[in-house]
Amino acid sequence: MTVIPATVVTYPDGELTGTADVVHIAPLPDGRSGVVLDRTPFHPVDTAWPDQPADIGVLRTAAGDVPVLATLTGGIRDGALVIGPDLPVRMGTEGWTFVVVHVVEGAAPAVGESVDAHVDPELRAALSAGHTACHLASLALDAALEDAWTKQVPTDAAGRPAFDMLAIQTSRITPYGSTDVYRIGKSLRKKGFDPAALADLRAVEARADATLAEWAGAPGAIGIHRDDHTLAGRRTWRCELPEGAVELPCGGTHLTSLAGIEAITVALASTEVPGGLELVMTTTIRLAG
Ligand SMILES: [Zn+2]
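In this text the structure is predicted, and so the values were computed from the model without any measurement.

A. Highlighting helix α4 (residues 201-215). In a regular helix each residue adds 1.5 Å, so 15 residues correspond to 21 Å; α4 covers 21 Å between its end C-alpha atoms and thus fits that length. For α4, the complete set of buried residues consists of L201, V204, E205, A208, T211, L212 and W215. Down the axis, α4 shows its buried residues gathered within 130° of arc, on one side only. Looking at α4, the residues exposed on the side facing more than 90 degrees away from the buried face are A213 and E214. Contacts made by the buried residues of α4 are with α1 (121-144), β14 (235-241), β16 (261-273) and β17 (276-287). One side-chain oxygen of the residue at the start of α4 lies 3.3 Å from the amide nitrogen of R202, identifying that residue as D200. Of the residues one or two after α4, G217 is the one with positive phi, at around 85°.

And the structure:
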């Protein structure tokens, strides 16, 4: 029976490097190996909600650099480690221990060995900017659609009807951007959303962009807050918007301030699907300097 500790993760604090001990090596079905460390700066892609892509980078060992080709989420139950898409439960499910699995090819470091973990800084910076833009754009979209509701519905972190939360299907962070897919079907209409609000998408875009223009470059701090430092620990994204601080659950990485943002813009497109509409929001962020 394998006893592997829950991985302590340092990426929520913006860490890119760190020394760690190898606690487990898992052979992967494709012949590669999964390296589990006691702590890591590498952000793994989440299995149940794969919004932010995995970090890549290297593990520096006594024998040389070992490239990390992908970073996956692993879960352990009854001594058995289940990795990536095979993991049958959501992050944090009771009875499971969650670990970060660094995928390497060829010779892997040995259990007990100390390694220096180094995350690719350019990719991380691009994804952190994209993730911050994704959150801000979803709040701006909620604001742009706040008059589209005829009934009381749950509200977002800024107190507006939570279109994003109620309609989101998938969210994918990209370098310096994101793509969010929403479904406007029978259940959203029953909750009181009037699809006529999406008849003029250019007007919705303009309202969202105007909100985002007020936030870009403002002095507000952005950060991830947590008490539990393991992978499965609950983490909160907090952003000081000009109108007040907002908080929402988030497992990813982010910019540290609104000040470095030059502009965030959204593009909306809708297509008819059986039973309703699919709305795609493509967000782009440009940093100052
Ligand atoms: Zn997030």
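B. Highlighting unusual backbone geometry. Residues other than glycine seldom take positive phi values, yet D78 does so here, at roughly 50°. By the secondary structure assignment, D78 is in the loop between β7 (70-77) and β8 (80-83). Unusually for a residue other than glycine, Y176 sits at a positive phi of about 55°. In this structure, Y176 sits in the loop between β11 (168-174) and β12 (177-184).

C. Structural detail: α1. Between the first and last C-alpha of α1 there are 34 Å, a value that for 24 residues agrees with the 34 Å anticipated at 1.5 Å per step. Most of α1 sits inside the fold, with 20 of its 24 residues counted as buried. Put simply, D120 is the residue that caps the front of α1, since its side-chain oxygen is 3.0 Å from the backbone nitrogen of E122.

D. Just the coordination of the zinc ion, in detail. Protein-derived ligands of the zinc ion are H131 (NE2), H135 (NE2) and C250 (SG), with the metal-ligand distances lying across 2.1 to 2.3 Å. Written as a sequence motif, the donor residues of the zinc ion are H-x3-H-x114-C. Separated by 119 residues along the polypeptide, H131 in helix α1 and C250 in the loop between β15 (244-249) and β16 bring together distant segments of the chain. When its relative accessible area of 0% is taken as the criterion, H131 is described as buried.

E. Spotlight on the nonpolar core. Counting 45 residues, the largest nonpolar core has L136, F163, Y182, I184, F193 and W237 as the members making the most contacts within it. Apart from residues no more than four positions distant in its own chain, I184 is found in contact with F163, R189, F193, P195, L198, G275, G276, L277 and L279.

F. Up close: the sheet that holds β17. Spatially, four strands are ordered β11-β12-β17-β16 in an open sheet, and the strand pairing comes out antiparallel. In this open sheet, the two strands that pair with only one neighbour each are β11 and β16. Neighbouring strand axes in the sheet, compared pairwise and without regard to direction, differ in orientation by 15° on average. Here 12 bridges tie β16 to β17, and the two strands are oriented antiparallel to one another. Among the inter-strand pairings, A263 is bridged to a residue of β17, identified as R286. Lying over the sheet, α1 contacts β11, β12, β16 and β17, oriented at roughly 130° with respect to β17.

G. The arrangement of the sheet that holds β14 in detail. A sheet is described by the order of its strands in space; here three strands give the open sequence β13-β14-β15, paired in antiparallel fashion. The open sheet has two edge strands, β13 (222-226) and β15, and neither has a second partner. For this sheet, the mean inter-axis angle between neighbouring strands, taken without regard to orientation, is 25°. Sheet topology note: the β14/β15 ladder contains six bridges and is antiparallel. By the bridge assignment, W237 is partnered in β15 with L248. Seen against the sheet, α1 touches β13, β14 and β15 and runs at an angle of roughly 65° to β14.

Basis of the calculations
Residues numbered from 1 in each chain as written. Predicted model: local features only at pLDDT ≥ 70, side-chain atom pairs only at ≥ 80, totals over all residues. Heavy atoms only, no water. Helix = DSSP H or I, 4+ residues; strand = E, 2+ residues; numbered from the N terminus. Expected span 1.5 Å × (residues − 1). Buried < 20%, exposed > 50% of the residue type's maximum accessible area, 1.4 Å probe, protein only. Arc of directions from axis to C-beta. Contact = heavy atoms within 4.5 Å. Polar contact = N/O pair within 3.5 Å; in protein donor to acceptor, adjacent residues only side chain to side chain. Donors = N, O, S within 2.8 Å, 3.2 Å for Na, K, Ca; no water. Core = buried A, V, L, I, M, F, W, Y, C linked by side-chain atoms within 4.5 Å. Pairing = 2+ DSSP bridges. Axes fitted to C-alpha atoms, helices over the stretch in contact; angles between N-to-C directions.

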